[in-house]
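Here is how the chains run, residue by residue.
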Amino acid sequence: DVKVTQSSRYLVKRTGEKVFLECVQDMDHENMFWYRQDPGLGLRLIYFSYDVKMKEKGDIPEGYSVSREKKERFSLILESASTNQTSMYLCASSSGTFTPEQYFGPGTRLTVT
Amino acid sequence: GENVEQHPSTLSVQEGDSAVIKCTYSDSASNYFPWYKQELGKRPQLIIDIRSNVGEKKDQRIAVTLNKTAKHFSLHITETQPEDSAVYFCAASAGGSYIPTFGRGTSLIVHP
């Protein structure tokens, strides 16, 4: 069974703080993704990575960066958190081009005050 | 890039009725169309998918149809049950990358 875990279920941070969200998968998947989920807006892709140290911008990368130093771990970084980054953040992984099913983590509910 | 429209945003049905959720996509190169179900407080999970070389696919009470010419695909749930209540997301991806673009989601409510 694929397991995708995220470092926190709930997180409260102050405006201007640096925030790290971590995601770990245990199935040796090449691809990893970070999404933001807001009511009525669906799942919007922030960044994805198809290999270690490789990253690609998604649809809404502004205000975010990512790091993938090891295959199983993909981190999302908010350099200076703002209130409009209050959201649910979902990590996902997939094995590659021929088995494209995405496996999602449980999500991190981030509140920036 | 790809744009996926999903309708309706909310769908309310009585137990036992059928439910249909429709999506349209813009990129004619899209060739993989998954559907994810997200129950309240849980993570999205794949429930069915279809590739562009197939027109229809069924799995028990759920089915997906694809019309490549019109660039739309639909999820059909028959004999709905309260446990079908969830948010459903469609997605489309092109080429060999399988980086999906998601629709905005449909909240399905099945009344007992």
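Bear in mind that the values here come from a model prediction, so they are computed numbers and not experimental data. (Residues numbered from 1 in each chain as written. Chains lettered and ligands numbered in written order. Predicted model: local features only at pLDDT ≥ 70, side-chain atom pairs only at ≥ 80, totals over all residues. Heavy atoms only, no water.)

Participant: It is not clear to me how the overall build of chain B should be interpreted in this structure. Could you clarify?
Facilitator: Secondary structure assignment for chain B yields zero helices and eleven strands. Written out in order from the N terminus, the α and β elements of chain B read β-β-β-β-β-β-β-β-β-β-β. For chain B, the C-alpha radius of gyration of 13 Å lies close to 13 Å, the compact-globule estimate for 112 residues. Expressed as lengths along the three principal axes of its C-alpha atoms, the size of chain B is roughly 40 × 25 × 20 Å. Looking at chain B alone, contacts between residues at least 24 apart form 54% of all its contacts between residues at least 6 apart. Taking the 11 positively charged and 12 negatively charged side chains of chain B as two groups, their mean positions are separated by 5 Å. (Helix = DSSP H or I, 4+ residues; strand = E, 2+ residues; numbered from the N terminus. Rg over C-alpha atoms; globule rule 2.2 N^0.38 Å. Contact = heavy atoms within 4.5 Å. Lys, Arg positive; Asp, Glu negative; His and termini not counted. Charge placed at Lys NZ, Arg CZ, Asp CG, Glu CD.)

Participant: What am I meant to see in the packing of aromatic side chains here?
Facilitator: How two aromatic rings sit relative to each other is given by the distance of their centres and the angle of their planes. Under the defined criterion, the tally for this structure stands at 13 aromatic pairs over all chains. What links up through ring pairs into an aromatic cluster is the set F33, Y35, F48 and F104 of chain A together with Y36, F89 and F102 of chain B. (Phe/Tyr/Trp six-rings, centres within 6.5 Å; stacked < 30°, edge-to-face > 60°.)

Participant: Please clarify how the state of the cysteines should be interpreted in this entry.
Facilitator: By definition, a disulfide links two cysteine residues through a covalent bond between their sulfur atoms. The final tally for this structure, using the stated rule, is two disulfides over all chains. A sulfur-sulfur separation of 1.8 Å characterises the disulfide bridge that pairs C23 of chain A with C91 of chain A. An S-S torsion of about -75° defines the bridge between C23 of chain A and C91 of chain A as left-handed. Here C23 of chain A, found in strand β3 (residues 19-25), pairs with C91 of chain A, found in strand β9 (residues 87-94); they are 68 residues apart in sequence, far enough to count as distant. Here the two residues C23 of chain A and C91 of chain A agree in accessibility, since each one is buried. The disulfide partner of C23 of chain B is C90 of chain B, and the S-S distance across this bridge is 2.0 Å. Across the S-S bond of C23 of chain B and C90 of chain B the torsion is about -100°, and the bridge reads as left-handed. With C23 of chain B in strand β3 (residues 19-25) and C90 of chain B in strand β9 (residues 86-94), the pair connects residues that are 67 residues apart, well separated along the chain. For the pair formed by C23 of chain B and C90 of chain B, the shared burial category is buried. (Disulfide = S-S within 2.5 Å. Buried < 20%, exposed > 50% of the residue type's maximum accessible area, 1.4 Å probe, protein only.)

Participant: So what exactly am I meant to see when it comes to the sheet that holds strand β1 (residues 4-6) of chain A here?
Facilitator: Hydrogen bonds along the backbone pair up the strands of a sheet, which may run parallel or antiparallel. Residue and element names in this part refer to chain A. The strand order across the open sheet formed by four strands is β1-β3-β8-β7, and the pairing between neighbours is antiparallel. Across the chains shown, the open sheet's two edge strands, defined by having one partner strand only, are β1 and β7 (65-70). On average, each strand axis in the sheet is inclined to that of its neighbour by 20°, with strand direction left out of account. With four bridges connecting them, β7 and strand β8 (residues 73-78) associate as antiparallel partners. Bridged to V66 within β8 is L76. (Pairing = 2+ DSSP bridges. Axes fitted to C-alpha atoms, helices over the stretch in contact; angles between N-to-C directions.)

Participant: Could you clarify how one ought to interpret the sheet that holds strand β1 (residues 4-7) of chain B in this entry?
Facilitator: All names here are of chain B. If you trace the five strands from one edge of the open sheet to the other, you get β1-β3-β8-β7-β6, paired in antiparallel fashion. Across the chains shown, the open sheet's two edge strands, defined by having one partner strand only, are β1 and β6 (56-59). Shown here is a sheet whose adjacent strand axes are inclined to one another by a mean of 15°, direction ignored. Judged from the six bridges that link them, strand β7 (residues 62-67) and strand β8 (residues 72-77) form a sheet pairing that is antiparallel. By the bridge assignment for β8, I62 is matched with I77.

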